[in-house]
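Architecture and fold: a report
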Amino acid sequence: MKTVIQGGRIIDPANGVDGVYDLLIEDGKITGMEQSLPVIDDARVIDAQGKLLTPGLVDMHVHLREPGREDKETIETGCAAAAAGGVTSLACMPNTVPVNDNKSVTEFILHRAREINLVNVYPIGAISKGLKGEELSEMAELCEAGVCAYSDDGRPVMNSLLMRRALEYVRLFGLPLISHCEDLNLCADGVVNEGYVSMVTGLRGIPCAAEEVMVSRDILLARMTRSPVHIAHVSTAGSVALIRQAKREGIPVTAEATPHHFSLTEELVLSFNTNTKVNPPLRSQSDKEALIEGLSDGTIDVIASDHAPHTLAEKEQEYDLAPFGMVGLETLLSVSLTNLYHSKKLNLPTLVAKMTSHPARILKIPGGTLSLGCPADICIIDLEKNFTVDASRFYSKGRNTSFHGQELTGAPIMTLRAGKIVFPQEPHKGPQGETFATTTSEHGQL
Amino acid sequence: MFKRKNLLGIQELQKEEICFILDTAESFKEVLTRPIKKVPTLRGKTVINLFHEPSTRTRISFEIAGKMLSADTINISPSTSSLTKGESLKDMAKTLEAMNPDIIVIRHSMPGAPHLLAQEAKFSVINAGDGAHEHPTQALLDLLTIREHKGEIEGLQVAIVGDILHSRVARSDIFGLLKLGAKVRLVGPPTLIPPFVERLGVTVEHNLEQGIKGCDVIMLLRIQLERQNKLFFPSIREYSKLYGLTLDKLAKARPSQDVIIMHPGPINRGVEIDPQVADAPFSLILDQVTNGLAVRMALLYLILGGDES
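Residues numbered from 1 in each chain as written. Chains lettered and ligands numbered in written order. Predicted model: local features only at pLDDT ≥ 70, side-chain atom pairs only at ≥ 80, totals over all residues. Heavy atoms only, no water.

Attention now goes to the overall build of chain B. For chain B, the count of helices and strands is 11 helices and 9 strands. Against the compact-globule benchmark of 19 Å for 309 residues, chain B has a radius of gyration of 19 Å, which places it among compact chains. Dimensions of chain B, computed from C-alpha atoms along their principal axes, come out at roughly 55 × 45 × 35 Å. Of all 309 residues assigned to chain B, the portion counted as buried reaches 58%. If you take every contact in chain B between residues at least 6 apart in sequence, the share linking residues at least 24 apart comes to 73%. Considering chain B, the positive charge centre built from 37 side chains and the negative charge centre built from 36 side chains are found 3 Å apart. (Helix = DSSP H or I, 4+ residues; strand = E, 2+ residues; numbered from the N terminus. Rg over C-alpha atoms; globule rule 2.2 N^0.38 Å. Buried < 20%, exposed > 50% of the residue type's maximum accessible area, 1.4 Å probe, protein only. Contact = heavy atoms within 4.5 Å. Lys, Arg positive; Asp, Glu negative; His and termini not counted. Charge placed at Lys NZ, Arg CZ, Asp CG, Glu CD.)

Rendered as C-alpha cells:
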C-alpha cells in the first residue's frame, strides 16, 4: 500500500525542513520526500496543494479519564478527539480511578489504545502511590509496563524530599518527571487567580507565588540532582522568568504552556462560567503576554492541551464546586495558530516544533518527525480555514471549553497515523476496509 | 427607574437605579408606621426565600417585607431542603420553577450561586448574599441609612473597618458608595484586605485611628471568629486590641463631629465593637435593620413590576 501526498508545504522541525514536497508513504512508513515524485501506478494520491503538512502532533498532557471516569471521557473518545485535533501521539496523566501507579493500569490503557488503534497512547505513571505524595510508586515496574514519564499531575508533590528522591530514582530509567507546580498551602482552596477578579467576585484567589515557589523548588532540585524536570502548564510571568534563568544556567528544565493560558485571561471569570475554572487558573493579561514571550524565546518548549474533560452536570454547579479543567485536544492547534501564528507572535516552524519534535524529544518517544523510515504520522492543516468552535460537535465527551463560540483561523483537516487516515473518520470504507481519499473521490480535495 | 428582572449585585447597577430604589424604599417606610402594616400590592405573588446558609435578619426581613406587601412567602432552609439530599442547585431551580414562583431570594455560601440560579430562569432572583461576593440589599439599606442621616452621600468620608477580604457586605458597600460619590477607606490588618482592592478607587489604611480620622461614617464589619485559626490574625484578643472600636479610640481619632457608626450585624460585643459604641446615640445599627425592611419591600415591589401609582 503506497500513498503519495502531493504538493503540500512540509514543515518538519526535527530535520529543519520547510518547503513544498511530495511525500511517499509505504507500509505505514515515510519512505520518500522529493520536490516531485514520479507517478506511481498503484498509489493512493492525496492532493495537499496549498496545505501545510507537519508531523502528527504530540500532546504530552492529556487526561483520558479511563479507567474509572468513563462518564467524562474514554480512551476511545479521547483518541478520536486527538485524531480530530491533528494529534497522533498523546501522553495521558495517571489520575484515573484507580490511579496509574501500577502495571495493571498501565497495561490496561495500552491494551485499550491498541484495540482502538487510532493514535499512539503513552501512559504516564504516578510519581507517588495513589498520588498521595507520601511514598514513591513502583517506578521500575511502571517503566517495564511501558510508561513514558512520571507525574502526580492534578496534585503537587508537596514533600520536597520525596521530589528529590523521585528525581534521583528516575535516573534508573532515563524517563522524565513532569511536575505540577502548586503549593497547596499558598493555594488555600483557591479557585481563581488572585487578582482583580478574585477581589471583585469574592472567589478565593490562587496567588502566582503558589506556582512560582514550586517552580523554584523544582529548579533547585533539578540543579542538585542533575535530573531533568519538566514543568507542566506554566501560567505565570514569574515562572517564565525563573525557567528562563534556570535554562541560562544550564539546569535541565523544560516547560509547557497550554493554549488557554496563553490565549485567555481571568476577566472571563467575571461571568461565573465554570468552564473558565482551570488549574492553574487563568491569569492576568501580563502573565499571558509573558507566556507568549516565553514561547517565542524558547523558554517554553512545548504547547500541550491539558485536555481535562468533565461532565456537564459537574460543571453546572456553583463555581466553588465545579471541578477544574477544560478540554483542549480539538482546539489545541487552532487556538495556537490563531493566537500565535496569525497574530505574528511565532513563526510556523517554531510553533510546529512545540507540538511535535520538542515533546517527542522530552518524552523520548518516536514520532514528532517526518524522517525517512519513521511511521507516517502526519497532520494536514488548512492554515486559513475560518470556523467557529462548536463544542457540541466535539469527538470528546467533554464540552467544557471557554473557546466555544470563538472564531478561529487554521485547523487540521486530515490526520494520518502510520499512513492510515484517522481523521476525518471515513463516511465509507475502501475495499480493504481502510479509509482512503483520492484526488478523484469527493474527499480527495482538501 | 428600575427595569431589571434580577438583583444580583450592586456592581451592575447605575447610580440612577440605586437612587430610585432608595426613593422607593423611603416611601415604603411610611407603611411601617401604620397600625395595620399590610398593603395589597403583591397579592397573589409568590416569594421563595432559599437560604442555603444560616441567616436570621436577612431572611426574616425578606419574609416580613413580602408579607407586608401581601405576597405569599415561603422559606426553604438548608436543613429542610433537598440540597442536603445531593440535589444540585440547577435541579432545585428547575423544580422550583415548575411551581411558578415570582421571585427567589437566595442566600448561598458560594460566590456566583445567584447567577447560576438566574440562568435561563423564568422567575426573578434577588441575591441575599453569595459568599464573599455581594450582598446588594445590605448595601442598599446602608446607603438609605446614610442618606437619611447625612442628606447627601456625595463627598462623604466613609471608613469600612474589619475583615474586608471575606466580606460580601464590604464589596457591595464599596461599589454603592463609590457610585454615589463617597470617598471610601478600608481599614484592617493587611491579611484581611484583599490584594488589588485599591484598583476600585478606595484607599487602604492599616491603623484604626488613622483610618477613621475625619470620617463621617464608620462601618464596622463582623469579625468571623473562625478566621483566627486560618492564620489571618493571631487571636481575637489581639484583633480587638487593634481594631475593636471603643469610645476611647473614637475620641482620639477625632472623626467628624456628627460621625455615625454602622454595623451589618450580628455584632460581637466587645470584639469589633465596644458595647458603649454599639449602644451610643450615634450608632445606627437598629435603624439599619428597619431600613432593611423598607429596601426589601421596595425591591420586591419594583422587580415584580409594581405600577407607578
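Continuing now.
What follows is about helix H13 (residues 348-355) of chain A. Counting buried positions along H13 of chain A gives 6 out of 8 residues, so the element sits mostly inside the fold. Within H13 of chain A, burial applies to Leu348, Leu351, Val352, Ala353, Lys354 and Met355 of chain A.

A few words on the pattern of salt bridges. Under the criterion given, the structure shown has 27 salt bridges over all chains. Residues arginine 107 of chain B and glutamate 53 of chain B are paired through a salt bridge, measuring 3.9 Å at the closest nitrogen-oxygen approach. With arginine 107 of chain B in strand S3 (residues 103-108) and glutamate 53 of chain B in the loop between strand S1 (46-51) and helix H2 (57-68), this pair connects stretches of sequence that are 54 residues apart. Glutamate 53 of chain B matches arginine 107 of chain B in its accessibility class, with the two residues each being buried. When salt bridges that share partners are traced, they join Glu66, Glu76, Arg112 and Glu115 of chain A into one network. (Salt bridge = Lys/Arg side-chain N within 4 Å of Asp/Glu carboxyl O.)

All names here are of chain A. Together, Glu107, Glu138, Glu141 and Glu144 make up a negatively charged patch on the protein surface. Along the polypeptide, glutamate 141 turns up in helix H3 (residues 139-145). Judged by its relative accessible area of 32%, glutamate 141 falls in the partly exposed class. (Patch = residues over 30% accessible without salt bridge, like charges linked within 9 Å, V, L, I, M, F, W, Y side chains within 5 Å. Areas by Shrake-Rupley, 256 points an atom, 1.4 Å probe, with all protein chains shown as cover.)

Attention shifts here to the domain arrangement of chain A. Residues and elements named next belong to chain A. Here chain A is described as being made up of domain 1 (2-53 + 373-445) and domain 2 (56-363). The C-alpha centroid of domain 2 is placed 27 Å from the C-alpha centroid of domain 1. The interface of domain 1 with domain 2 comprises 39 residues on the first partner and 51 residues on the second. A per-residue breakdown of the area domain 1 buries against domain 2 is headed by Asn400, Phe403 and Arg417, which together make up 22% of the total. Summed over the shared surface of domain 1 and domain 2, the result is 19 residue pairs in polar contact (both at pLDDT 80 or more). (Domains from an automatic or database assignment. Buried area = accessible area lost by both parts, 1.4 Å probe. Polar contact = N/O pair within 3.5 Å; in protein donor to acceptor, adjacent residues only side chain to side chain.)

All names here are of chain A. Relative to the helices and strands, serine 396 resides in the loop between strand S16 (378-388) and strand S17 (407-417). The exposure class assigned to serine 396 is buried, which follows from its relative accessible area of 1%. A distance of 2.8 Å separates polar atoms of two side chains, one belonging to serine 396 and the other to glutamate 73. Ignoring any residue separated from it by four or fewer positions in sequence, one finds serine 396 in contact with Glu73, Thr77, Ala81, His307, Pro309, Val327 and Glu330.

Residue and element names in this part refer to chain A. By the element assignment, valine 213 lies in helix H7 (residues 208-225). Separated by 25 residues in sequence, valine 213 and glycine 238 place their C-alpha atoms 9.6 Å apart. Setting aside anything within four residues of it in sequence, one finds valine 213 in contact with Asp183 and Leu186.

To continue, consider the sheet that holds strand S5 (residues 157-161) of chain B. Residue and element names in this part refer to chain B. Taken in spatial order, the 5 strands line up as S7-S6-S5-S8-S9 in an open sheet, and their pairing is parallel. Two strands lie at the open edges of the sheet, namely strand S7 (203-205) and strand S9 (260-262), each paired on one side alone. Taken pair by pair, the neighbouring strands of this sheet meet at an average axis angle of 25 degrees, ignoring direction. Helix H5 (residues 136-150) rests against strand S8 (217-220) and S9 of the sheet, and its axis sits at about 165 degrees to S9. (Pairing = 2+ DSSP bridges. Axes fitted to C-alpha atoms, helices over the stretch in contact; angles between N-to-C directions.)

Note: strand S2 (residues 17-26) of chain A against strand S3 (residues 29-34) of chain A, 5 bridges, orientation antiparallel. Among the inter-strand pairings, leucine 23 of chain A is bridged to a residue of S3 of chain A, identified as methionine 33 of chain A.

The next thing to look at is the packing of helix H4 (residues 160-169) of chain A against H7 of chain A. All names here are of chain A. The geometry of H4 relative to H7 is characterised by a closest axis approach of 10 Å and an angle of 40 degrees between their N-to-C directions. The angle between the axes of H4 and H7 places the two elements in the oblique class. H7 is crossed by H4, and the crossing has right-handed handedness. The residues of H7 that touch H4, namely those facing Ser160, Met163, Arg164, Leu167 and Glu168, are Arg217, Asp218, Leu221, Ala222, Met224 and Thr225. Split into classes, the residues belonging to the contact of H4 with H7 amount to 5 nonpolar, 2 polar and 4 charged. (Parallel < 35°, antiparallel > 145°, perpendicular 65-115°, else oblique. Left-handed = near helix turned anticlockwise from the far one by under 90°. Nonpolar A, V, L, I, M, F, W, Y, C, P; charged D, E, K, R; others polar.)

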